[in-house]
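Each chain, written out:
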Amino acid sequence: MRILLVEDELKIAQFITQGLTEIGYVVNHGEDGRAGRDLTDTYKYDLIILDIMLPKISGLELLKHIRSVKITTPVLLLTARDTVEDRVRGLDLGADDYLVKPFAFSELMARLRALQRRPPLQFSTILKVGDLVMDTVKREIYRGDRAIVLSPLEYNLLEYLMRNCDRALSRTQIGERIWELDFCSNSNVVDVYIGYLRRKIDKGYAQALIYTIRGVGYCLKTPSID
Ligand code: CA
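Values in this document were obtained by computation on a predicted structure and should not be read as measured data. (Residues numbered from 1 in each chain as written. Predicted model: local features only at pLDDT ≥ 70, side-chain atom pairs only at ≥ 80, totals over all residues. Heavy atoms only, no water.)

This part takes up the overall build of the protein chain. If you tally the helices and strands in the protein chain, you get 8 helices and 12 strands. Scaling as 2.2 N^0.38, a compact globule of 226 residues should have a C-alpha radius of gyration of about 17 Å, and the protein chain matches this with 18 Å. By its C-alpha atoms, the protein chain is 50 × 40 × 30 Å across when sized along the principal axes. Evaluated residue by residue, the protein chain yields a buried proportion of 47% over its 226 residues. (Helix = DSSP H or I, 4+ residues; strand = E, 2+ residues; numbered from the N terminus. Rg over C-alpha atoms; globule rule 2.2 N^0.38 Å. Buried < 20%, exposed > 50% of the residue type's maximum accessible area, 1.4 Å probe, protein only.)

Set out below in structure tokens:
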């Protein structure tokens, strides 16, 4: 398992490299965007951990380059606390997940494990769950033959659910991801927006895709074939 870490803050780079090396991963470290690009152009990696704020070439520019040359390696972005737009842009550019600094090593490991489990289809720009299809380049959504029009927030929420399909997501996870960082779990905004999505995605169909996971949150499920 070979991991590329592109991170200019040496303390963080050391912390991640040491932790991953100790459990048997091979870690290459690029200390700026250009070094990262040289490494991705030269070697094949199983996972890429990419800081957004990098000297020379930014993390998002590097991500754009990686996807433009058809490298489908899962990318986990590292971001600072106040860069919601960057994260949304990163996901639009083909990042698979992100982690907000500072984070615990165990949290990083959990994200990396989840990325390794994810089927290759999900790295595509076309996301499919049952007959629900999202084209993340054209930002178009279809269920069967029917086009579905979503607001930008509904779209971001649905993309997050689709990229994590068959995985239960807590209201806090969803809230932090879609609505800023210090998400107040007393807010019912997640439930409200799930309601909007259900009306557009599931209403009138025999097979529902959005499920409530009692005591946790929500899950977009792949319909079972039977
Ligand atoms: Ca940085």
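Donor atoms from the polypeptide that bind the calcium ion are Asp8 (OD), Asp51 (OD) and Met53 (O), placed at 2.1 to 2.3 Å. Every donor residue of the calcium ion comes from the same chain, spaced as D-x42-D-x1-M. On the criterion of sequence distance, the pair formed by Asp8 in the loop between β1 (2–6) and α1 (10–22) and Met53 in the loop between β3 (47–51) and α3 (59–68) is long-range, its members being 45 residues apart. On the accessibility criterion, Asp8 (30% relative accessible area) is partly exposed. On the basis of relative accessibility, which here comes to 58%, the residue Met53 falls in the exposed class. (Donors = N, O, S within 2.8 Å, 3.2 Å for Na, K, Ca; no water.)

The final tally for this structure, using the stated rule, is 13 salt bridges. Of the charged contacts in the structure, one is a salt bridge between Lys56 and Asp32, with a shortest N-O distance of 3.4 Å. Of the two residues, Lys56 sits in the loop between β3 and α3 while Asp32 sits in the loop between β2 (26–30) and α2 (33–42), which places them 24 residues apart along the sequence. Relative accessible area serves as the criterion here: at 59%, Lys56 is assigned to the exposed category. Of the charged contacts, one joins Asp202 and Arg143 as a salt bridge, the two residues approaching to 3.1 Å between their closest N and O atoms. Residue Asp202 is located in the loop between α8 (189–201) and β11 (210–213), and its partner Arg143 is located in strand β8 (residues 140–143); the two are separated by 59 residues in the primary sequence. Given a relative accessible area of 3%, Arg143 falls into the buried group. (Salt bridge = Lys/Arg side-chain N within 4 Å of Asp/Glu carboxyl O.)

Time to look at the nonpolar core. Counting 28 residues, the largest nonpolar core has Leu132, Leu157, Leu158 and Ile174 as its most contacted members. Listed by contribution, the elements that provide at least two residues to this core are β6 (126–129), β7 (132–135), α6 (152–163), α7 (171–178), α8 and β12 (217–220). If near-sequence neighbours (up to four positions away) are discounted, Leu132 is found in contact with Leu127, Ile141, Tyr142, Arg143, Ile148, Leu158, Met162, Ile201, Leu209 and Leu220. Membership of the second largest hydrophobic core comes to 20 residues, among which are Val6, Ile57, Val75 and Val100. (Core = buried A, V, L, I, M, F, W, Y, C linked by side-chain atoms within 4.5 Å. Contact = heavy atoms within 4.5 Å.)

Mean pLDDT over the protein chain: 88, with 92% of residues reaching 70 or higher. Mean pLDDT across the secondary structure elements of the protein chain bottoms out at helix α4 (residues 84–92), with 81, and peaks at β3, with 96. (pLDDT = per-residue confidence, 0-100.)

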